[in-house]
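Summary of the model geometry
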Amino acid sequence: MSANETAPEPRDRAGEILIEAVTKRFDDVTAVDDVSIAVPGGEFFSMLGPSGCGKTTTLRMIAGFETPDEGRILLQGADVTNIPPAKRNVNMVFQAYGLFPHMTVAENIAFGPKIKKLGRGEIATRLSDVIKTVRLDGLEDRRPNQLSGGQQQRVALARALVNQPAALLLDEPLGALDLKLRKEMQLELKELQQRTGTTFVYVTHDQEEAMTMSDRIAVMNGGVVEQLATPRELYQRPATAFVAGFIGTSNLIRLRVDRREDAMLAMELGDGERILAVDPGGADLGEHATITVRPEWIKLANGAADDRACYVGGTVIDVVYLGSITQLIVVLRTGERLTVHRLNDEVGAIDPRPGEPVMLRWAADHSYIVGSAASTPFPEA
Amino acid sequence: MAAVEVPIEPVRRSRGSGRGALGILFAPVTLLIVLFLAPMVIMASMSLLKFPPNTASGTTLDHYREVLTNPLNLKIAWTTLWIGTTAMVIMLAISIPLAYYMVFRAGRWELFLLLSLVLADELAPVVKVYAWQVILGRNGIVNWFIPGPPKSWLLFSPFAVIVTLSASYITYTTIPIYAAMKAIDGSMFESAIDLGAGWWVQARRILIPLAAPGIFIALILVYIPMLTDFVTADIVGGTGSYMMGQRVRDLILGAGDWGAGSALNLVLLVLSVIFSLVAYWLGRLNRIQT
C-alpha cells in the first residue's frame, strides 16, 4: 500500500498502541484483568491464548467496540479510551469478514473512504493501490459470494487497509479457511505487514500461526498476560507452565531442591542420577518446583553424563515413528512421563523398543523453573 | 461468506411412472380448477353481462369502459391509492425498525415479540376494527388524553382508516422483513461501524438493501388485500374514505349490478398481478444502489 509513500516522516509514535492497566468486566466475569501492553509502531504483534482468555476483548477495546472499566488505551500517543470506533484511526478485520454481500469488491473496499468523503480521485487511487497490494486485480466487479475464501479474506484486508489505519486489528481472520490456505495466507499476511509497515495486532488461538507471523506474542490466559516475548523466547524460556504447555510440546517435571550450587538447583535420585535446573534465585532447600524441558532437548545417553547435565533413567513405554522425528514416551523412576523427540537424521538409526530401559540426559541450562510445585500443573497438551 | 452452494440434482424420471405421476397430480389439479380457475371464469363471464344480470340481458364490454372512464371510479381509485400508500409507508416505518430490533437487539424477547405479532393477527378482524372505533371515537381513549374539545377527525375519516389498516396489517409487513433480516450476518454492522458508518448509513446502505426481498414481499402481501378491504373503511371510515373494496361490494350486493362489480374486480386483479410481478422483479434485483 501507499502508506510508506504518502506518510510524511514517520514520527516516533506512528502506529504505536499503548494499553495501560486495562480491566474489563462482563457482569461477574473479569475478561481482562489489569493488562498492560506496549506495541511499537510497525510491529506484527499477536495475542495468543485459548478461548475466553481475554484476547478478543482486548482487541475490541483497541478498536473501540468495548470500553475498559479501568485503565486507558493510547493510540499514537493520544488517549482514545472513550472515543467511538468510527473516530479511531484503526480498522478491524473480523473473523467472519463482515463483507457486504450486495456490493462488489470495489464497492466494499470504497465503503470507508466514501464515508470519510474523500475525493473521487483519491478514492480511485487508493482503491487501485490496495487492490494491487492484496492481489485482487480483475476481481473488482465480483460479489463476495463469487469469491473463494482466500479472496474474501483479501477483500476484508483491503477494505481495512484502504483507510490507511495507524494499526490493523485482526480477529482470528484465518479461522474460516482450510489448513493449506491458512498456511499460505499466514505468509502472505506477514509479507503484507512488512511491505506496508502498518502495525498489526493479531488475535489467534493457534500457537503455530502466532509463531509463524509475529514479531512478539502476548500469551494470555484467564484475562492476564502470562508472558510477552518473541516467539523464540516463548519457546525456549517459557515463563509459566501454561506458556510451556501452550507453545509447542513440553515436559513438566516436579523438582525437589536437594542441593544448590553454581546457579543450579539439583534433585538427587541416587546412583549418580539427578535432575538439574537453572536457579532463578529464592528457592529454599527442600522446596518443590516445576521445571519444563522441550522433548527435542532430551537425548538418549550412552555413558555417564557430565556434571552440568541432567541424567536420569527410565523405561520406554511407547515409540511412535513420525517421519522426521521419532517420539518416545519414557516413564522415569519417579513415575513421571517424559516425551522425548529423536531427530531421524540418519537412515538406519535404531530406536529403542517399548519396555527397554534407557538413560536420558539434557543440558542443565535447558530446564527452567516455570512455577512452584504448588501451582497447578498444566495438563498434557 | 457462508454462501452454501447446493448442488442442483437433475430431476430424474423413472421409466413408466408417467401414469402414476398423472394420478398423483389429478387431485390437486382438479382442486385448482374447481376452486380457483372456475370462479375466475365465472367472474369474467359475469363481467360481460348487461344489467340486470340474467341470461336474457345479453353481453357487453360497457362495464370495462365504465370502470376505466367513470370519474367516480377514478376518484375512488385515487382515494384507495393514497390511503393504502400512506398506511404502507407508516407500516414500513414501524416494521423495519421493529424487525431490526427483533433480530439484532431483542435477545430473549425476540420470540415474545414474534408471538405477540402473530397473536395480534389472530384476533377476528371485525373485532379489531371495532376496537379502533372505541379508541378513536368522540368519547374514546385518545380524545380522553388529548386536552381541549374532542377531535372529531379522529374517527370516520381517512385518518381512522389509515391508522386501522396500519394496525391490522402490521404483522404481514413485519414478519417477511424479519425473515429477510434473519439472514443478515450481524458482524456486517460492526464492520460498517468500524469503517465509520453512522446509524443512517448502516440503515440505508446495508440494512435496507439486504432486507429488500422481505420488504417487497411485504408490499405484495399488504397492498393487494388493502385494495379490496371494505370492512375497515365501513366501520371506521367516513365519506372521505370510500374505497375500492366498498365500491365492489356496493355494486354487487347493493345495486345488484354483478356485471359492473365483476369488471371492476377483474381490473383490480390485473393491477394486483402487475404490481406483484414488478415487486417480484425488484426483489430479485436484491439491491438498492445510490
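Residues numbered from 1 in each chain as written. Chains lettered and ligands numbered in written order. Predicted model: local features only at pLDDT ≥ 70, side-chain atom pairs only at ≥ 80, totals over all residues.

1. Let's talk about the overall build of chain B
Within chain B one finds 12 helices and 0 strands. When the elements of chain B are put in sequence order from the N terminus, they spell out α-α-α-α-α-α-α-α-α-α-α-α. In terms of overall dimensions, chain B has a C-alpha envelope of 80 × 75 × 35 Å along the principal axes. Burial status across chain B gives 34% buried among its 290 residues. (Helix = DSSP H or I, 4+ residues; strand = E, 2+ residues; numbered from the N terminus. Buried ≥ 20, exposed ≤ 12 C-beta atoms within 10 Å, placed from the backbone.)

2. Quick look at the environment of alanine 212 of chain B
All names here are of chain B. Within the secondary structure, alanine 212 sits in helix H9 (residues 199–228). You can call alanine 212 buried: it has 20 C-beta atoms within 10 Å. Each C-alpha atom, one on alanine 212 and one on isoleucine 177, is 7.8 Å from the other, the two residues being 35 residues apart in sequence.

3. So, the domain arrangement of chain A
Its domain assignment divides chain A into domain 1 (3–236) and domain 2 (252–372). The gap between the C-alpha centroids of domain 1 of chain A and domain 2 of chain A is 41 Å. (Domains from an automatic or database assignment.)

4. Regarding helix H4 (residues 110–122) of chain B
Turn by turn, an α-helix covers 3.6 residues, leaving residues three or four places apart pointing in a common direction. If you check H4 of chain B, its first and last C-alpha atoms are 19 Å apart, about what 13 residues at 1.5 Å a residue would give, namely 18 Å. H4 of chain B sits mainly on the outside: 1 of its 13 residues count as buried. (Expected span 1.5 Å × (residues − 1).)

5. Considering the pairing of strand S14 (residues 273–278) of chain A
Residue and element names in this part refer to chain A. With 5 of 6 residues buried, S14 lies mostly within the body of the structure. Sheet analysis places strand S13 (residues 264–270) next to S14, joined by 6 bridges and oriented antiparallel. From the neighbouring strand, methionine 264 faces S14, where its bridge partner is valine 278. Hairpin connection between S13 and S14: a loop of 2 residues separates the two successive antiparallel strands, and aspartate 271 in this loop has a positive phi of roughly 55 degrees. (Pairing = 2+ DSSP bridges.)

6. Some words on helix H6 (residues 179–196) of chain A
Residues and elements named next belong to chain A. Here H6 is 18 residues long and its end C-alpha atoms lie 25 Å apart, about the 26 Å a rise of 1.5 Å per residue gives. Within H6, burial applies to Arg182, Met185, Gln186, Leu189, Leu192 and Gln193. Considered in projection along H6, the buried side chains sweep an arc of 140 degrees and stay on one side of the axis. Those residues of H6 that are exposed and angled more than 90 degrees off the buried face are Lys180, Leu187, Glu191 and Arg195. The elements touched by buried residues of H6 are strand S3 (44–48), helix H4 (120–133), helix H5 (149–161), strand S8 (199–204) and helix H7 (207–213). Glycine 197 lies just past H6 and shows a positive phi near 70 degrees. (Arc of directions from axis to C-beta. Contact = placed C-beta atoms within 7 Å.)

7. Notes on the sheet that holds strand S1 (residues 17–26) of chain A
Within a beta sheet, neighbouring strands are joined by backbone hydrogen bonds and run either parallel or antiparallel to one another. Residue and element names in this part refer to chain A. With respect to topology, 4 strands assemble into an open sheet ordered S2-S1-S4-S5, the strand pairing being antiparallel. Only two strands of the sheet have a single partner each, and these edge strands are strand S2 (29–39) and strand S5 (78–79). Its contacts with the sheet put helix H2 (residues 55–63) on S1, S2 and strand S4 (70–75), and the angle it makes with S1 is roughly 120 degrees. (Axes fitted to C-alpha atoms, helices over the stretch in contact; angles between N-to-C directions.)

8. Here we look at the interface of chain B and chain A
Between chain B and chain A, the contact holds 18 residues from the first and 21 residues from the second. Secondary structure elements with two or more residues in the side of chain B that touches chain A: helix H8 (187–194) and H9 of chain B.

9. A word on the confidence of the model for chain A
Residue and element names in this part refer to chain A. For chain A, the mean per-residue pLDDT works out to 88, and 93% of the residues sit at or above 70. Looking at the elements of chain A, mean pLDDT is at its lowest for helix H1 (residues 3–6), recorded as 47, and at its highest for S3, recorded as 97. Below pLDDT 50 for its whole length, residues 1–5 participates in 11 contacts with residues either more than four positions away or in separate chains. Every residue in residues 373–381 scores below 50 in pLDDT, and together they form 16 contacts with partners more than four places removed in sequence or on other chains. (pLDDT = per-residue confidence, 0-100.)

10. Here we look at the confidence of the model for chain B
In the predicted model, chain B carries a mean pLDDT of 85, and the fraction of residues at 70 or more is 90%. Across residues 1–7 of chain B, where pLDDT falls below 50, the model places 7 contacts with residues more than four positions away in sequence or in other chains.

11. Details of the packing of helix H3 (residues 71–105) of chain B against helix H7 (residues 158–182) of chain B
Residue and element names in this part refer to chain B. Where H3 contacts H7, the two axes come as close as 6 Å, and the packing angle between them is 40 degrees. The pairing of H3 with H7 is recorded here as oblique in orientation. Helix-helix and strand crossings are classified by hand; for H3 and H7 the assignment is right-handed. Residues of the contact of H3 with H7, tallied by class, amount to 21 nonpolar, 5 polar and 1 charged. (Parallel < 35°, antiparallel > 145°, perpendicular 65-115°, else oblique. Left-handed = near helix turned anticlockwise from the far one by under 90°. Nonpolar A, V, L, I, M, F, W, Y, C, P; charged D, E, K, R; others polar.)

12. Re the environment of aspartate 284 of chain A
All names here are of chain A. Within the fold, aspartate 284 resides in the loop between S14 and strand S15 (288–293). When the 7 C-beta atoms within 10 Å are taken as the criterion, aspartate 284 is described as exposed. Along the chain, aspartate 284 and glutamine 193 lie 91 residues apart, while their C-alpha atoms are 47 Å from each other.

13. Overview of unusual backbone geometry
All names here are of chain A. Positive phi values are uncommon outside glycine, yet glutamine 76 reaches one of about 50 degrees. Along the chain, the position of glutamine 76 falls in the loop between S4 and S5. Within the chain, lysine 117 stands out as a residue other than glycine whose phi angle is a positive 55 degrees. Here lysine 117 is to be found in the loop between helix H3 (105–115) and H4. You can call lysine 117 exposed: it has 8 C-beta atoms within 10 Å.

14. Here's the deal with the sheet that holds S3 of chain A
Residue and element names in this part refer to chain A. Here we have 6 strands laid out as an open sheet, ordered S6-S7-S8-S3-S9-S10, and mixed in their pairing. Where the open sheet ends on each side, the last strands, each with one partner, are strand S6 (90–93) and strand S10 (224–229). Strand-to-strand twist in this sheet, taken as the mean axis angle between neighbours without regard to direction, amounts to 20 degrees. Of the strand pairs in this sheet, S6 and strand S7 (residues 167–171) are connected by 4 bridges, and their pairing is parallel. Within S7, the residue paired with valine 90 across the bridge is alanine 167.

15. As for the nonpolar core
The nonpolar side chains of soluble globular proteins are, as a tendency, buried together. Ala158, Leu169 and Val201 of chain A together with Ala160 of chain B are the most contacted members of the largest nonpolar core, which has 161 residues in total. Once residues within four sequence positions are removed from consideration, leucine 169 of chain A is found in contact with Leu59, Ile62, Ala63, Val90, Asn91, Met92 and Val201 of chain A. (Core = buried A, V, L, I, M, F, W, Y, C linked by C-beta atoms within 7 Å.)

16. Concerning the packing of H3 of chain B against H9 of chain B
Residues and elements named next belong to chain B. Put simply, H3 and H9 touch, their axes get as near as 10 Å, and they point 140 degrees apart. Put simply, H3 runs oblique to H9. In the packing of H3 onto H9, the handedness of the crossing is right-handed. Along its contact with H3, which presents Thr80, Gly84, Ala87, Met88, Met91, Leu92, Ser95, Ile96 and Tyr100, the element H9 presents Leu207, Ala211, Ile215, Ala218, Leu219, Val222, Tyr223, Met226 and Leu227.

17. Looking at the pairing of S10 of chain A
All names here are of chain A. Pairing of strand S9 (residues 216–221) with S10 involves 5 bridges; the strand directions are antiparallel. Bridge pairing links alanine 218 to leucine 228 in S10. Turn length for the S9-S10 hairpin, with the two strands adjacent in sequence and antiparallel, is 2 residues, and the turn residue glycine 222 shows positive phi of about 55 degrees.

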